Every structure is written in C-alpha cells, then in structure tokens.
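# Structural characterization, general
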Amino acid sequence: MNDARTRGYIDAWTKSLDLKGMTPHEIERLCTLELGQKPGRGLAVAAQIFRGRIEDLDAMTGVNSQLRQALGLRCKISTSTVEKVETSEDGTKKLLYRLHDDNAVEGVLIHGPNNRLTLCISTQAGCASGCVFCLTGRGGLARNLTTAEMVNQVFGASRVAGSRQITNLVLMGSGEPLANYEAVKAFVEIATHSSGMGFSPKRVTISTCGLVPMIRRMADEGMNASLAVSLNATTDEVRSRLMPINQTYPLSLLMQTLEYYAEKSGRTVTIEYVLFKGVNDSSEDAVRLAELLEDLPCMVNILLFNPFPGCGLERPSDIRASIFRDLLVSRDIVAVVRRSRGRDISAACGQLSVLSSNTHASRVPYEAIGG
C-alpha cells in the first residue's frame, strides 16, 4: 500500500480507503482479490462512482448488498465543497474548493465553441516553481493534492455546470502537475478509463513548466493524456529570468526531451508561449522560436500576459501578438493567439492565487524531485 499512502487515498486516522482516489483497476483488484467478488464487480463499482457520480455506497443499486457492505467496512467516498463561484462577463466561472485541512484551491470553467466546456484543475495547493509571471507561485507550495481531491474538483464543477457537460480537462490550475506525478497519473487513468469518467485522452491535457525527468517518464510509461509545455522564451538567459526551472533544465535539454516524448508517444506537443512586452515578443524571438521547434511535432498557443500588481512585466499589444504569430506561421509552425478568459475575476492564466490558510508554504528545488 505504499502507493496508496503516496497518493493519499488511505485516511491517516481511520485507515479506510477513499474510492475516489483509486483507479478502476485498483477498485477491481480490491473487490476480486481482497473481497472475493467475481471479476468485473469492481469495475461496476468504479463506473457507478465516476460515471454515475454516485457518492453513497447504499445508493449503488447495481451493486449487490454483500459487496456494498464489505466496501462500507473498508472504504469511504470523499467529497469536497465548492465554497464560492465567481462569474466573469464572458461567462467564465472561477470556483473555490475548500479542502479537508482548510487549504483551498481554485478551478475554472471555460465555455468554448461547439458546446465545449473546459475545466481547469489544480494539482497542488500553491506552487514551488517560482515563475515570475505567475501569481500562484508567489505564496510557495503548501502541499500536493491527492488524486481524490482532483476527482472531487470534477464532481464539484459538474454540479456548478448543471445540465452542461464538461468536455475537456486541463491540469493547468495551481501547481506543477508533474511534481505530483503519481497522483496525477492515477487521476488521468480515472479520467480516461471506460469505467472511470470516460474522457477521450485527447481531451485531457497536462501542462508543465518543463520537468524533464517526468516528461521522459510520461513517454516511457505511456501516460494517456496530451502534453502542454510552458516555454515563454527563446534564450536561456531570458527563460531563466522568467522561470527558475530553466537553471536546472535548460532549453537544449528540454527540447531534446520533448522530441523524445513526441517520438515515443506519437503525440503532438502544445507549446504555451506567454508574450511579455519588450521581453520575449520581438520578431527575432519569433524566428528563434521557429528554429527551436522545427524538429518537434507541435502547435503553439500564444497568450498575452495578464498583469498583476508588483509583477514588473507588461502586456504587449494585440498587433504585436499578431505579428509574432504571422512570423511563426510563415515558417510552417502552427500557431494561434489565444484570447484570455476570465480576466475580470482573476481567472485567466497565471492569476489563480489562493494561499493555504494553515500551512507554511515553501519552495522546493527541482533537483530534489526524483525522476
């Protein structure tokens, strides 16, 4: 049960298992090997929880009473509360989730064309990455979230969405997902499994600031999700200034790793490039970016920086962003300028900023995060 403790689905006090933190395969194994049930019964339990959104064992009418009783003695099904909802002028909703230890994280529901509804999920309370353009990291890291806490964000957001179905999941809220690798990997399996939430892997995206060992691990283990990488600069000098992780994993190593990932996984990588006025938005930057990406199957999302007090960085003009994009396209790079959603409620990229109320946050050197 070492993995269970790492991912936090064993309650420290009651020793009960949180079914929302277990993958469908783990629930199946529990039911067959430990509870003596026929094969398939555990997958049926998982489907009722993750697809049926049933959070009470007694309400699982498709599960026999003997299994419900046995699960009740060993397991629990956790919940979390959406404490606050703010709605932007553009329809974006920012959600505040209260966790069991009084920490809090935020998520964002973003409406898109063709009935697309994207949920932005947090994977940590706070963040240790220290990117200078991100408000989340200013408070440091409180703790990793458990797999169940990520699942509960989907459940809570679904209640807020009502009749609208969430179609896409992006792990782009507070935290560095790949610094919480085991819990995120389990969440992805739950999200994409047919007895889990049933999302297409193409509609589940993990965004990283560039944790090289974990990107390689994603490729080697075949994690069933799309990858987005926050690049934001075309030289090591500028990227190290914006993103401290570049001092550990510089651009040359990161690009080699992304090419390895693309070849091993057969997937296209999304490159996130936030433009800062006078810092990384020149025509020369666009040309260098095209050169960096020429051997990588990718597309580029260009975002305009969302300023906040004391950041020392400015948002470039829309014209500058268009010129930057056109230069990439002229060099056969697929690139789009993404419109920021929810800026008026601080729900846009880099603006989530809930801090822990009872935990001392910290910064963790990336050399200490294993690969």
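Now for a description of the structure that goes with this document. (Residues numbered from 1 in each chain as written. Predicted model: local features only at pLDDT ≥ 70, side-chain atom pairs only at ≥ 80, totals over all residues. Heavy atoms only, no water.)

Moving on, we come to the overall build of the chain. Helix and strand counts for the chain come out as eleven helices and 14 strands. Out of the 371 residues belonging to the chain, those deemed buried represent 54%. At a minimum sequence separation of 6, the contacts of the chain that also span at least 24 residues come to 67%. For the chain, the exposed surface amounts to about 16100 Å²; the carbon and sulfur share of it is 49%. (Helix = DSSP H or I, 4+ residues; strand = E, 2+ residues; numbered from the N terminus. Buried < 20%, exposed > 50% of the residue type's maximum accessible area, 1.4 Å probe, protein only. Contact = heavy atoms within 4.5 Å. Areas by Shrake-Rupley, 256 points an atom, 1.4 Å probe, with all protein chains shown as cover.)

Glancing now at unusual backbone geometry. Residue R53 is not a glycine yet carries a positive backbone phi of 60°. Relative to the assigned elements, R53 resides in the loop between α3 (41–50) and α4 (65–74). Accessibility expressed as a relative area gives 29% for R53, which makes it partly exposed. Of note in the backbone geometry, N232 takes a positive phi value of approximately 70° without being a glycine.

Note on helix geometry: an α-helix contains 3.6 residues per turn, so any two residues three or four positions apart are oriented the same way. Between its first and last C-alpha, helix α5 (residues 147–161) extends 21 Å over 15 residues, near the 21 Å set by a 1.5 Å rise per residue. Of all 15 residues in α5, 13 are buried; the element is thus mostly enclosed. (Expected span 1.5 Å × (residues − 1).)

Now for the environment of M214. Tracing the chain through its elements places M214 in helix α7 (residues 212–221). Of the residues examined, M214 reaches a relative accessible area of 5% and is grouped as buried. A sequence separation of 43 residues divides M214 from T257, and the C-alpha atoms of the two residues are 9.9 Å apart.

Our next topic: the pattern of salt bridges. If you walk through the whole model with that rule in mind, you get 17 salt bridges. Salt-bridge contacts for R74 lead to E34; the nearest nitrogen and oxygen are separated by 2.8 Å. Placement of R74 in helix α4 and of E34 in helix α2 (residues 24–34) is noted, with a sequence separation of 40 residues between them. Residue classification places E34 among the partly exposed positions, given a relative accessible area of 45%. (Salt bridge = Lys/Arg side-chain N within 4 Å of Asp/Glu carboxyl O.)

This model, assessed by the stated rule, comprises four aromatic pairs. Ring centres 5.3 Å apart and planes at 45° place the aromatic pair F133 and F276 in the tilted group. Within this pair, whereas F133 is found in the loop between β7 (124–126) and β8 (141–144), its partner F276 is found in the loop between β12 (269–275) and α10 (283–293), the two being separated by 143 residues in sequence. Residue classification places F133 among the buried residues on the basis of a relative accessible area of 9%. Judged by centre distance (5.2 Å) and plane angle (25°), the rings of Y273 and F324 are stacked. Here the residue Y273 occupies a position in strand β12, and F324 occupies one in helix α11 (residues 318–330), the gap between them amounting to 51 residues. Its relative accessible area of 0% is what places Y273 among the buried residues. (Phe/Tyr/Trp six-rings, centres within 6.5 Å; stacked < 30°, edge-to-face > 60°.)

Our next topic: α2. Inspection of α2 places P24, E26, I27, E28, L30 and C31 among the buried residues, and these make up the whole buried set. Looking one or two residues beyond α2, the residue adopting positive phi is G36, at roughly 70°.

So, on to the sheet that holds strand β9 (residues 168–171). Ordered by their spatial adjacency, ten strands build an open sheet running β3-β4-β5-β6-β9-β10-β11-β12-β13-β14, and the pairing between neighbours is mixed. Strands at the two margins of the open sheet, each flanked by one partner only, are β3 (81–87) and β14 (334–338). Adjacent strand axes in the sheet meet at a mean angle of 25°, parallel and antiparallel pairs treated alike. Relative to β9, strand β6 (residues 117–120) is paired through three bridges, and the arrangement is parallel. Bridge pairing in β9 places C120 opposite V170. Sitting on the sheet, helix α6 (residues 181–192) is in contact with β9 and β10 (204–208), with an inclination near 160° to β10. (Pairing = 2+ DSSP bridges. Axes fitted to C-alpha atoms, helices over the stretch in contact; angles between N-to-C directions.)

These results come straight from atomic positions and should not be treated as a statement about function.
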